[in-house]
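As a plain string of letters, each chain reads:
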Amino acid sequence: QVQLVESGGGLVQAGGSLRLSCAASGRTFNTAHMGWFRQAPGKEREFVATISWSSSTTTYADSVKGRFTTSKDNAKNTVFLQMNGLKPEDTAVYYCAARPFAYGGNYRYGSGYAYWGQGTQVTVSS
């Protein structure tokens, strides 16, 4: 029902910045939250940030608070993740996800999201 495509990943040196984009299409009118998650090799997928589609209220993992900012452009059905002060430990595949209204689970966990993009690689070198 919802298609998500991430872009903007790449290779950056520690301390640098990247901006990821997530373009949504399909039946996006039923989306309550957009989420950002990441997964490093050999590690579990972890929560990064969420933004409410209607209110723009944001939530961040402690590990990225103060460095990452998520925002959106409702007219373009696009969500952004501005990543500043990047660290090598930020290296991961970054995914965006959509949580519909009345969906099960919790919005801070991957199980709370129904639709996922294919991910974009972010590599931070030291």
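Residues numbered from 1 in each chain as written. Predicted model: local features only at pLDDT ≥ 70, side-chain atom pairs only at ≥ 80, totals over all residues. Heavy atoms only, no water.

Asker: Talk me through the nonpolar core; I want residue IDs and the actual numbers.
Answerer: In this structure, Leu81 and Tyr94 are the most contacted members of the largest nonpolar core, which totals 32 residues. Every element with two or more residues in this core is listed here: strand 1 (2–7), strand 3 (18–26), strand 4 (31–39), strand 5 (46–52), strand 8 (78–83), strand 9 (92–100) and strand 11 (120–125). With five residues, strand 9 is the single largest residue contributor to this core. Contacts of tyrosine 94, omitting those with residues within four sequence positions, involve Glu6, Leu20, Phe37, Arg38, Val48, Phe68, Leu81, Met83, Gly119, Thr120 and Val122. (Core = buried A, V, L, I, M, F, W, Y, C linked by side-chain atoms within 4.5 Å. Buried < 20%, exposed > 50% of the residue type's maximum accessible area, 1.4 Å probe, protein only. Helix = DSSP H or I, 4+ residues; strand = E, 2+ residues; numbered from the N terminus. Contact = heavy atoms within 4.5 Å.)

Asker: Could you give an account of the pattern of salt bridges, naming the residues involved and the relevant values?
Answerer: Any two side chains of opposite charge can pair, so long as their charged atoms come close to each other. If you walk through the whole model with that rule in mind, you get four salt bridges. Among the salt bridges present, the one from glutamate 46 reaches arginine 38, with a minimum N-O distance of 2.6 Å. With a relative accessible area of 5%, arginine 38 lands in the buried category. Put simply, arginine 67 and aspartate 90 hold a salt bridge, and the shortest N to O gap is 2.7 Å. Linking arginine 67 in the loop between strand 6 (58–60) and strand 7 (68–73) with aspartate 90 in the loop between strand 8 and strand 9, this pair joins segments that are 23 residues apart in sequence. For the pair formed by arginine 67 and aspartate 90, the shared burial category is buried. (Salt bridge = Lys/Arg side-chain N within 4 Å of Asp/Glu carboxyl O.)

Asker: Help me get a handle on the state of the cysteines, residues and values and all.
Answerer: Per the counting criterion, the structure on display carries one disulfide. There is a disulfide in this structure between cysteine 22 and cysteine 96, and the S-S distance comes to 2.0 Å. As the torsion about the S-S bond is roughly 60 degrees, the cysteine 22-cysteine 96 disulfide counts as right-handed. With cysteine 22 in strand 3 and cysteine 96 in strand 9, this residue pair connects regions lying 74 residues apart in the sequence. Each of the two residues, cysteine 22 as well as cysteine 96, counts as buried. (Disulfide = S-S within 2.5 Å.)

Limitation: the analysis is restricted to geometry and does not speak to function.
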